[in-house]
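Descriptive structure summary
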Amino acid sequence: MNKIKKGDVPLSKFRSRSNMLPTNKLLHRFNIVSYHNCKLCVHAEETISHILFHCPRYRDPRLQHLKEIQDLNPVSSDTSLQTLLNLDKNAKIKLRALEKFFLSCNRF
């Protein structure tokens with residue numbers, strides 16, 4: 001039996017069934033990939049937080065799309081994942097910015 005590869009499962013199906021994004025850390029947990037680290041950073045686990053805030057590969061999309069979310073909360077300097085996903089009155093704008101970020105990364 002062939003193993004499922006990362007690109008074999010459409011993101012929408014993976015997300016809707018598991019409510020998670022297929023990062024290397026998650027895929028490694030399910031034995032879909034043999035490594036849990038980011039391919040670029042090598043020593044850092046590839047998590048959603050790593051992709052959103054730390055990985056140099058995604059710097060440009062991060063600056064472009066996540067700024068939209070930060071602009072919604074100019075008083076708060078908190079850029080944690082929890083703040084990004086806090087679904088307040090700007091939930092649709094935040095989710096759209098996150099979606100644009102992930103699409104522009106060509107990662108999922």
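Residues numbered from 1 in each chain as written. Predicted model: local features only at pLDDT ≥ 70, side-chain atom pairs only at ≥ 80, totals over all residues. Heavy atoms only, no water.

Details of the packing of aromatic side chains
Quick reminder of the rule: Any Phe, Tyr or Trp ring, taking Trp's six-membered ring, that has another such ring centre within 6.5 Å forms a pair; planes under 30 degrees apart are called stacked, those over 60 apart edge-to-face, and the others tilted.
Inspection of the entire model under this criterion finds one aromatic pair. With a centroid separation of 5.2 Å and 70° between ring planes, the pair formed by Phe-101 and Phe-102 is classed as edge-to-face.

Notes on unusual backbone geometry
To be explicit about the condition: Helix numbers and strand numbers start at the N terminus; a helix is a DSSP run of H or I with at least 4 residues, a strand a run of E with at least 2. Accessible area is worked out with a 1.4 Å probe on protein chains only. A residue is then buried under 20% of its type maximum, exposed over 50%, and partly exposed in between.
Residue Asn-31 is not a glycine yet carries a positive backbone phi of 60°. Residue position: Asn-31 is located in the loop between α2 (24–29) and α3 (48–53). Asn-31 gets classed as exposed once you look at its relative accessible area, which sits at 52%. Although it is not a glycine, Val-42 sits at a positive phi angle of roughly 60°. Structurally, Val-42 can be placed in the loop between α2 and α3.

Here we look at the packing of helix α4 (residues 59–72) against helix α6 (residues 91–105)
The condition is simple: Axis definition: a line fit to C-alpha positions, over the contact stretch in the case of helices; interaxial angles, taken between N-to-C directions, run 0 to 180 degrees. Under this scheme an angle from 65 to 115 degrees is roughly perpendicular, one under 35 degrees roughly parallel, and one over 145 degrees roughly antiparallel; angles in between are oblique. We call two residues contacting when some pair of their heavy atoms lies within 4.5 Å. All residues other than Ala, Val, Leu, Ile, Met, Phe, Trp, Tyr, Cys, Pro, Asp, Glu, Lys and Arg, Gly among them, are scored as polar; the first ten of these are nonpolar and the last four charged.
Where α4 contacts α6, the axes come no closer than 9 Å and their chain directions differ by 175°. In this view, α4 runs roughly antiparallel relative to α6, as classed from their interaxial angle. Along the contact surface, α4 presents Pro-61, Arg-62, His-65, Leu-66, Glu-68, Ile-69 and Leu-72, while α6 presents Ile-93, Lys-94, Ala-97, Leu-98, Lys-100, Phe-101, Ser-104 and Cys-105. Split by residue class, the contact of α4 with α6 holds nine nonpolar, two polar and four charged.

These values are about where atoms sit, not about what they do.
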